[in-house]
Amino acid sequence: MAKSKIAYFCQSCGFESPKWLGKCPSCQQWNTFVEEVIEKGNASVPAWKPASTSQQRANKPVQVTDITYSEEHRVPTPDKEFNRVLGGGIVPGSLVLIGGEPGIGKSTLMLQLALNMPHQKVLYVSGEESDRQIKMRAERLMPPPPPKGGANSGNYTGLSSIEAPPLGGGGGGTCYILTETSTQNIFKQIESLEPDLVVIDSIQTLHSAHIESTPGSVSQVRECTAELLRFAKETSTPVFLIGHITKDGMIAGPKILEHMVDTVLQFEGDRHHVYRILRTIKNRFGSASELGIYEMMGEGLREVSNPSEILLSHRETPLSGITISATLEGMRPMLIETQALVSASAYGTPQRTATGFDTKRMSMLLAVLEKRCGFRLGAKDVFLNITGGIRVEDPAIDLGLAAAIISSHEDMPIPFKTCFAGELGLSGEIRAVNRVEQRIAEAQKLGFNQIFISKYNLPASGQDKKRMDLSRYDIDIKIVSSIEEVFGLLFG
Ligand code: TYD
Ligand code: MG
């Protein structure tokens, strides 16, 4: 019998220790160490093996000038939002992690993608649902299948796999479902099926025979990911991993996964709202600040290609406490409605609640308004809300929120068709924001009459002045340098 090895892992950060510890030296969390049995050297069960036998080819150093480079060949998906977050399409051999809270729609997103990939053989491995459950979901997601006899159908009969009918609209791609949790069995099926794309739902349900601990434990998750990583790199097959997020927002099983994969996408949103956001957290093949927006419908996720229009309400009369902010997520300008409600506090301690916005930053905004502008907000309840269940991290939303708070406090509505883009400094100055021209252009496109921007966004030298020509916009651009100036212009 092989000698079993025991190690202790921090369940929060994955730190490995030979003995139990009360406090993790890596992430400083208490009581997170769990004993896991790791058994190695069981040669009878092979992990992923490449088709070629030249596995031990050692690499030699090459001069950087000698490396030939060809433009990264990407496979575009039919989903434009998904292409955007990936940086233009699926890179062959990439390992992509999709994280998100349970029930947010990760399985829906990936199954929808698997069903719609054109000219691709997709293997969807599920360790969570039975093939019947997946079929039921697939039926909701796809239009009725075309008559039998699709491009790839019928030439594969895997043991525990069922075949989803090829999709008419998707261009003849085929999706195979495999309900399996052992990586060795998955690789066996992969070898006979030779898929072009593999989806794993989810990495926490997989287990490898090389490791004895239970599925979902740190060592299992790490080993299974490592095996899939080797498979992806050696066969140039892209692999998508679904990963659950723990309650404190970490990808469970945990941070180590983020280092191993090429791309980390986070699927987020408020479960009670229909909008879902797919955010790039890390991307080795593109920008790491991209954002895709979806709407959860009865028949799956729908791409939202023009977010501003849905995030703005179409109100007839202006109301106090409501402003529009010109924000930017990644390269994408978005106009979002920001709301504030300021009311006299009924209890001793005033309440401060923010939805979709950092509460600490809200306290800072309130302190600036109190100290620099003399508004007495200390004894008031303040509620902030960003509509659509969207979380905004762009600091350019500060100015819009500050205006909303004062508008509600004074009960004076902000003029119609006005929007804001500026960061608020501690001294009450309006600071510059990035890509202001894109924000102005988006506001103009959506028919706004005026936009408030920071004076510091204007170029100082003559050369830059030519580059940024504000006279080509029809929208009225209000250039402000302090918060008092904004209120002067707004409320007189
Ligand atoms: P699911 O993809 O199972 O979430 P995850 O894999 O992230 O745990 O999504 C489940 C939710 O999505 C569930 O609340 C029902 C909803 N849903 C729809 O609204 N429309 C649909 O077409 C589908 C398939 C699911
Ligand atoms: Mg799921």
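Criteria and thresholds
- Residues numbered from 1 in each chain as written.
- Chains lettered and ligands numbered in written order.
- Predicted model: local features only at pLDDT ≥ 70, side-chain atom pairs only at ≥ 80, totals over all residues.
- Heavy atoms only, no water.
- UniProt positions renumbered as here; feature names shortened; annotations may be inferred.
- Near = heavy atom within 4 Å.
- Polar contact = N/O pair within 3.5 Å; in protein donor to acceptor, adjacent residues only side chain to side chain.
- Helix = DSSP H or I, 4+ residues; strand = E, 2+ residues; numbered from the N terminus.
- Nonpolar A, V, L, I, M, F, W, Y, C, P; charged D, E, K, R; others polar.
- Contact = heavy atoms within 4.5 Å.
- Pairing = 2+ DSSP bridges.
- Axes fitted to C-alpha atoms, helices over the stretch in contact; angles between N-to-C directions.
- pLDDT = per-residue confidence, 0-100.
- Salt bridge = Lys/Arg side-chain N within 4 Å of Asp/Glu carboxyl O.
- Buried < 20%, exposed > 50% of the residue type's maximum accessible area, 1.4 Å probe, protein only.
- Core = buried A, V, L, I, M, F, W, Y, C linked by side-chain atoms within 4.5 Å.
- Expected span 1.5 Å × (residues − 1).
- Parallel < 35°, antiparallel > 145°, perpendicular 65-115°, else oblique.
- Arc of directions from axis to C-beta.

- In the nomenclature of an unreviewed UniProt entry, the chain corresponds to DNA repair protein RadA from the organism Mucilaginibacter angelicae.
- Regarding the chain, the UniProt comment filed under Sequence similarities (unreviewed entry) reads as follows: "Belongs to the RecA family. RadA subfamily."

### Overview of the site of ligand 1
Stage number 1. What surrounds ligand 1 is a group of 16 residues, the closest being Gly 103, Ser 107, Thr 108, Met 297 and Gly 300.
Stage number 2. The contact in question runs from an oxygen atom of ligand 1 to an N or O atom on the side chain of Arg 137, over 3.1 Å.
Stage number 3. In the model, a nitrogen atom of ligand 1 is placed 2.7 Å from a nitrogen or oxygen of the Met 297 main chain.
Stage number 4. The set of elements that each furnish at least two residues to the shell around ligand 1 consists of α2 (106-116), α3 (131-141) and β12 (291-297).
Stage number 5. Looking at the shell around ligand 1 residue by residue, the classes come out as 5 nonpolar, 6 polar and 5 charged.

### Section: the environment of Met 331
Stage number 1. In this structure, Met 331 sits in the loop between β14 (322-329) and β15 (332-344).
Stage number 2. Placed 44 residues apart in sequence, Met 331 and Ser 287 show a C-alpha to C-alpha distance of 9.0 Å.
Stage number 3. When near neighbours in sequence (up to four residues on either side) are disregarded, Met 331 contacts Ser 289, Glu 290, Arg 435 and Gln 438.

### What about the sheet that holds strand β22 (residues 476-480)?
Stage number 1. The 7 strands are arranged β16-β17-β15-β14-β18-β21-β22 in an open sheet whose pairing can be described as mixed. This sheet does not close on itself; its edge strands, each paired only once, are β16 (352-355) and β22. Along the sheet, successive strands turn relative to each other by an average axial angle of 25 degrees, direction set aside.
Stage number 2. Sheet analysis places β16 next to strand β17 (residues 380-386), joined by 4 bridges and oriented parallel. Within β17, the residue paired with Thr 355 across the bridge is Asn 385.
Stage number 3. Against the sheet, helix α8 (residues 359-373) touches β16 and β17, its axis set at about 125 degrees to β16.

### Thoughts on the confidence of the model for the chain
Stage number 1. Confidence along the chain averages 83 in pLDDT terms, with 85% of residues attaining 70 or more.
Stage number 2. Note that pLDDT drops below 50 for residues 147-172; the model gives that stretch 49 contacts with residues more than four away or on any other chain.

### Some details on the pattern of salt bridges
Any two side chains of opposite charge can pair if their charged atoms end up close together.
Stage number 1. Scanning the model with the defined rule gives 17 salt bridges in all.
Stage number 2. Between Glu 81 and Arg 332 there is a salt bridge, with its nearest N and O atoms 3.0 Å apart. Separated by 251 residues along the polypeptide, Glu 81 in helix α1 (residues 80-86) and Arg 332 in strand β15 bring together distant segments of the chain.
Stage number 3. Across the pair Asp 262 and Lys 233 runs a salt bridge, and its minimum N-O distance is 2.7 Å.

### Things to note about the side chain of Glu 268
Stage number 1. Along the chain, Glu 268 falls in strand β10 (residues 263-268).
Stage number 2. Residue Glu 268 is classed as buried on the basis of its relative accessible area of 18%.
Stage number 3. Reaching out from Glu 268, the side chain makes a polar contact with the side chain of Gln 266 at a distance of 3.4 Å.
Stage number 4. Among all residues touching Glu 268, those that are not within four sequence positions of it are Ile 104, Arg 276, Ile 277 and Arg 279.

### With respect to the sheet that holds strand β2 (residues 16-17)
Pairing between sheet strands relies on hydrogen bonds along the backbone, with the strands arranged either parallel or antiparallel.
Stage number 1. Strand order in the open sheet formed by 3 strands is β2-β1-β3, with antiparallel pairing between adjacent strands. Two strands in the sheet have a free side with no partner beyond their single neighbour: β2 and β3 (33-38).
Stage number 2. Those strands touched by helix α5 (residues 218-235) are β1 (5-10), β2 and β3, and its axis lies near 95 degrees from that of β1.

### Topic: the nonpolar core
Stage number 1. Phe 357, Leu 369, Leu 384, Ile 405 and Ile 483 are the most contacted members of the largest nonpolar core, which has 45 residues in total.
Stage number 2. Taken together, the elements giving at least two residues each to this core come down to β11 (275-283), β12, β15, α8, β17, α9 (398-410) and α12 (483-491).
Stage number 3. When sequence neighbours within four positions are dropped, the list of residues in contact with Phe 357 reads Met 362, Leu 365, Leu 384, Ile 386, Arg 391, Val 392, Ile 397, Asp 398 and Leu 401.

### Here's the deal with α9
Stage number 1. Given a rise of 1.5 Å per residue, 13 residues ought to cover 18 Å, and the 18 Å separating the end C-alpha atoms of α9 matches this to within 8%.
Stage number 2. Within α9, 11 of the 13 residues are buried, which leaves the element mostly enclosed by the surrounding structure.
Stage number 3. Along α9, the residues classified as buried are Asp 398, Leu 399, Gly 400, Leu 401, Ala 402, Ala 403, Ala 404, Ile 405, Ile 406, Ser 407 and Ser 408.

### Comments concerning the packing of α8 against α12
Stage number 1. It is the contact of α8 with α12, at a shortest axis distance of 10 Å, that shows an interaxial angle of 80 degrees. Comparing their axes, α12 and α8 come out roughly perpendicular. Across the interface between the two elements, Leu 369, Arg 372 and Cys 373 of α8 pack against Ile 483, Glu 484 and Phe 487 of α12.
Stage number 2. Across the contact of α8 with α12, the residue classes tally to 4 nonpolar, no polar and 2 charged.

### Side note on helix α10 (residues 436-445)
Stage number 1. Listed in full, the buried residues belonging to α10 are Val 436, Arg 439, Ile 440, Glu 442 and Ala 443. Around the axis of α10, the buried residues are gathered within 165 degrees of arc, so they sit on the same side.

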